[in-house]
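Close look at the chain arrangement
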Amino acid sequence: MQAPHKEHLYKLLVIGDLGVGKTSIIKRYVHQNFSSHYRATIGVDFALKVLHWDPETVVRLQLWDIAGQERFGNMTRVYYREAMGAFIVFDVTRPATFEAVAKWKNDLDSKLTLPNGKPVSVVLLANKCDQGKDVLMNNGLKMDQFCKEHGFVGWFETSAKENINIDEASRCLVKHILANECDLMESIEPDVVKPHLTSTKSGKVLLIYLQVF
Ligand SMILES: Nc1nc2c(ncn2[C@@H]2O[C@H](COP(=O)(O)OP(=O)(O)OP(=O)(O)O)[C@@H](O)[C@H]2O)c(=O)[nH]1
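These notes cover the structure that comes with them. (Residues numbered from 1 in each chain as written. Predicted model: local features only at pLDDT ≥ 70, side-chain atom pairs only at ≥ 80, totals over all residues. Heavy atoms only, no water.)

Glancing now at the sheet that holds strand β3 (residues 57-66). Read from one edge of the open sheet, 6 strands run β2-β3-β1-β4-β5-β6, paired in mixed fashion. For this open sheet the edge positions go to β2 (44-54) and β6 (154-157), each flanked by a neighbour on one side alone. Each adjacent strand pair in this sheet contributes to an overall mean axis angle of 25 degrees, direction not counted. Summarising the sheet, β2 and β3 pair through 10 bridges and their orientation is antiparallel. Looking at the pairing, valine 44 lines up with isoleucine 66 of β3. Strand contacts of helix α4 (residues 101-111): β1 (6-16), β4 (85-91) and β5 (121-127), with the helix running at about 160 degrees to β4, the strand carrying the most contacts. (Pairing = 2+ DSSP bridges. Helix = DSSP H or I, 4+ residues; strand = E, 2+ residues; numbered from the N terminus. Axes fitted to C-alpha atoms, helices over the stretch in contact; angles between N-to-C directions. Contact = heavy atoms within 4.5 Å.)

Surrounding the ligand, one finds 23 residues, the nearest of these being Lys22, Ser24, Ser35, Tyr38 and Asp130. Within the backbone of glycine 68, one N or O atom sits 2.8 Å away from an oxygen atom of the ligand. Lysine 161 places a polar main-chain atom, nitrogen or oxygen, 3.3 Å from an oxygen atom of the ligand. Taken by itself the ligand offers 650 Å² of open surface, and the protein chains cover 93% of this. Of the residues forming the shell around the ligand, the biggest block, 3 residues, is contributed by helix α1 (residues 22-31). (Near = heavy atom within 4 Å. Polar contact = N/O pair within 3.5 Å; in protein donor to acceptor, adjacent residues only side chain to side chain. Areas by Shrake-Rupley, 256 points an atom, 1.4 Å probe, with all protein chains shown as cover.)

Our focus in this paragraph is α4. Turning to α4, its buried residues number three or more, namely Val101, Ala102, Trp104, Lys105, Asp107 and Leu108. Where α4 is buried, its residues touch β1, α2 (76-80), β4, α3 (95-99), β5 and α5 (140-150). (Buried < 20%, exposed > 50% of the residue type's maximum accessible area, 1.4 Å probe, protein only.)

Although it is not a glycine, glutamine 32 adopts a positive phi angle of roughly 55 degrees. Considering the arrangement of structural elements, one finds glutamine 32 in the loop between α1 and β2. In this model, glutamate 82 sits at a positive phi of 70 degrees, which is unusual for a non-glycine residue. Residue classification places glutamate 82 among the partly exposed positions, given a relative accessible area of 29%.

Tracing the backbone through its elements, the reader meets lysine 161 in the loop between β6 and α6 (166-187). Lysine 161 sits 79 residues away from glutamate 82 along the chain, and the two C-alpha atoms are 30 Å apart. Setting aside anything within four residues of it in sequence, one finds lysine 161 in contact with Arg28, Phe34 and Asp130.

Assignment of secondary structure puts threonine 97 in helix α3. In terms of polar contacts, threonine 97 uses its side chain to reach the backbone carbonyl oxygen of arginine 94, at 2.7 Å. Excluding residues that lie within four positions of it along the chain, threonine 97 makes contacts with Asp17, Val20, Phe90 and Asp91.

Time to look at the packing of aromatic side chains. The tally for this structure, following the rule as stated, stands at 4 aromatic pairs. A ring pair is formed by phenylalanine 46 and tryptophan 64, whose centres lie 4.6 Å apart and whose planes are at 85 degrees; its orientation type is edge-to-face. Of the two residues, phenylalanine 46 is situated in strand β2 and tryptophan 64 in strand β3; the sequence distance between them amounts to 18 residues. Owing to a relative accessible area of 21%, phenylalanine 46 belongs among the partly exposed residues under this scheme. Assessed through its relative accessible area of 5%, tryptophan 64 is described here as buried. Positioned above the aromatic ring of tryptophan 53, the side-chain terminus of arginine 171 is 4.3 Å from the ring centre. (Phe/Tyr/Trp six-rings, centres within 6.5 Å; stacked < 30°, edge-to-face > 60°. Lys NZ or Arg CZ within 6 Å of the ring centre and 35° of its normal.)

Purely geometric numbers; function is a separate question.
Below you can see the structure in the form of structure tokens.
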């Protein structure tokens, strides 16, 4: 079999209010499992997903699972550094978590831009759709409008529990990032946007930034 020609490494953020399902979405996406047991993330956690994008291209995604409580802290600026894209997640059964979406998006846009000054690609995830299938059914147009107004590249109803639309949402985000990278390559040296990656004993990904502060 011929080796892939192109390798991409992207840091992706997964943000949104407490308990909306960020960890569960990542677990489903990376480990193909789900637990109904809730344990709040403290700070940030990491996972790595390898996508065979096409016969010639491998895409590695470093998923940064950022605790919901971090919206009220000062660490998001550090966590956001050098990300190429993000998922913002809300829980369809809790309207307050949707109201927080714009705050998360503003926080992100105020602290992170691509090296060419443009905003990073962000996909909105309406999670736990297995619990409230009707909540968004009649609001599709409103959601399209909301995404346009707030600069999301797309939105998906997802369920980590039933494995609905998570792969699709990721493909949408990666597609936009690949397109953005073509623009970036024209003006920026590739090494400038690549973080340093090593593996730890536990198999988790440890990201070492030389200039965190
Ligand atoms: N029914 C249903 N429950 C879900 C789904 N996704 C997550 N949950 C449940 O929601 C609770 C919170 O999920 P987490 O993945 O821990 O949420 P989180 O956003 O990572 O939370 P923080 O770490 O506090 O920010 C857990 O009890 C999950 O089992 C889903 O798609 N459907």
